[in-house]
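# Results of the structural survey
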Amino acid sequence: MSAYDTRTAEAAYTDIMQERTEQERPPLLECRGLGKSYGRHPALRELNFTLPRGRIVGLLGPNGSGKTTLLKLACGLIKPSLGQILINGEAPGVASKKAAAYLPEKTYLNDWMRVRDIVKLFEDFYADFRSERAREMLGNLGIGEAARLKTLSKGNQEKVQLIMVMSRDAQLYLLDEPIGGVDPAAREYIVNTIIGNYNENATVLLSTHIITDIETVLDEVIFLKEGALVLNSSVDKLREESGKSVDQVFREVFRC
């Protein structure tokens, strides 16, 4: 066997072993009959689905459909009322918090903090945080590390928070309305930051009700309506079967 044939055989063997390992791994995120109620009000109704690895997934639905509740359950901020949500086969806890990076809808950083203090906070708190990556993105935006958060525009505050989250080498990114409330130019930067700063084995679960700005980067979509799962599909399959864009299908499903 030639050296070329040997390398080819070794590469094929490596691919087979990687595929086998992937098949043996538990789903990155799995919902089993997942439900959450606040008092008598059901926010989520018995969700059943899994998330593959290496995808950008749109979690889509109008306000009040349960998107934020699902993300909070995934990162362990709240507990299910019934069923299970699993990250890498385990209930949310210490291990899952190391694997998942969460961006809440509202700014949670103290506005008196300087940008460099925020970088240091993430550096100290997360072992997978890459401060050089964060500083490079901040520099590209012209955001000085000496600036206090409260002196920045709303768009730049959103960008700082997103940069911190996307500078982690996480397996799962949970992003709650990252493009809501900012101008179109800021949305474009945010979308580019998301697709440019996660590794091919990680998955992004991105909650939004603004479809047009992110449709081109989505691999999968999940539609929630009044807490129930109404659609879980790859974008390619959805377009092929419906002959329509994700935005068009969204408008039909959620028509008032």
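Everything that follows concerns the structure shown earlier in this document.
Anyway, here's the lowdown on the structure attached to this text. Remember, predicted model here, so these are calculated numbers, not experimental data. (Residues numbered from 1 in each chain as written. Predicted model: local features only at pLDDT ≥ 70, side-chain atom pairs only at ≥ 80, totals over all residues. Heavy atoms only, no water.)

The contact between helix α4 (residues 115-125) and helix α5 (residues 131-141) brings their axes to 10 Å, and the two run at 155°. Considered as vectors, α4 and α5 are oriented roughly antiparallel to each other. For α4 against α5, the interelement crossing comes out right-handed. In contact with Val115, Val119 and Glu123 of α4, α5 contributes Ser131, Arg135 and Leu138. Residues belonging to the contact of α4 with α5 are distributed by class as follows: three nonpolar, one polar and two charged. (Axes fitted to C-alpha atoms, helices over the stretch in contact; angles between N-to-C directions. Helix = DSSP H or I, 4+ residues; strand = E, 2+ residues; numbered from the N terminus. Parallel < 35°, antiparallel > 145°, perpendicular 65-115°, else oblique. Left-handed = near helix turned anticlockwise from the far one by under 90°. Contact = heavy atoms within 4.5 Å. Nonpolar A, V, L, I, M, F, W, Y, C, P; charged D, E, K, R; others polar.)

On to the side chain of Arg168. Relative to the assigned elements, Arg168 resides in the loop between α6 (154-166) and β6 (172-176). Within the structure, the side chain of Arg168 is placed 3.4 Å from the backbone oxygen of Lys97, a separation counted as a polar contact. If we ignore the near neighbours within four places in the chain, the residues touching Arg168 are Lys97, Lys98, Ala100, Ala101, Tyr126, Asp128, Phe129, Arg133 and Tyr173. (Polar contact = N/O pair within 3.5 Å; in protein donor to acceptor, adjacent residues only side chain to side chain.)

This paragraph deals with the packing of aromatic side chains. Inspection of the entire model under this criterion finds six aromatic pairs. Considering the side-chain rings of Phe122 and Phe129, the 5.6 Å spacing of their centres and the 45° angle between planes classify their relative orientation as tilted. Classification of Phe122 as buried rests on a relative accessible area of 5%. Aromatic side chains Phe250 and Phe254 sit 4.6 Å apart centroid to centroid with 45° between the ring planes, which places their arrangement in the tilted category. The exposure classification of Phe250 matches that of Phe254, with both residues buried. Members of the aromatic cluster, joined through ring pairs, are Phe122, Phe125, Tyr126 and Phe129. (Phe/Tyr/Trp six-rings, centres within 6.5 Å; stacked < 30°, edge-to-face > 60°. Buried < 20%, exposed > 50% of the residue type's maximum accessible area, 1.4 Å probe, protein only.)

Read from one edge to the other, the open sheet built from six strands follows the order β5-β6-β7-β3-β8-β9, with strand pairing classed as mixed. At either end of the open sheet lies a strand with only one pairing partner, and these are β5 (100-103) and β9 (228-234). In this sheet, neighbouring strand axes are inclined to one another by 15° on average, regardless of whether the strands run parallel or antiparallel. Note that strand β3 (residues 56-60) and strand β8 (residues 220-225) share four bridges and pair parallel. Bridge pairing in β8 places Leu59 opposite Ile222. (Pairing = 2+ DSSP bridges.)

As a further point, take the layout of surface pockets. When its volume is computed, the largest pocket comes out at roughly 370 Å³. Along the wall of the largest pocket there are 14 residues; nearest its centre are Ala100, Tyr102, Phe125, Tyr126 and Arg168. Elements supplying a minimum of two residues to the lining of the largest pocket: β5 and α4. Each residue belonging to the lining of the largest pocket can be placed in one class, and the counts come to twelve nonpolar, no polar and two charged. (1 Å grid on protein atoms, 1.4 Å probe; cavity = no way out; pocket = protein on both sides within 12 Å on 5 of 7 lines; lining within 4 Å. Points joined across faces, edges and corners; volume = space filled by probe spheres on them.)

Our focus in this paragraph is the sheet that holds strand β2 (residues 41-51). Here three strands make up an open sheet; going across it, the order is β2-β1-β4 and the pairing antiparallel. Both outer strands of the open sheet, β2 and β4 (82-87), are each paired with one neighbouring strand and no more. If you compare each strand with its neighbour and ignore which way they point, the axes differ by 25° on average. Of the strands in this sheet, β1 (29-38), β2 and β4 touch helix α2 (residues 67-74), which is tilted by about 120° from β1.

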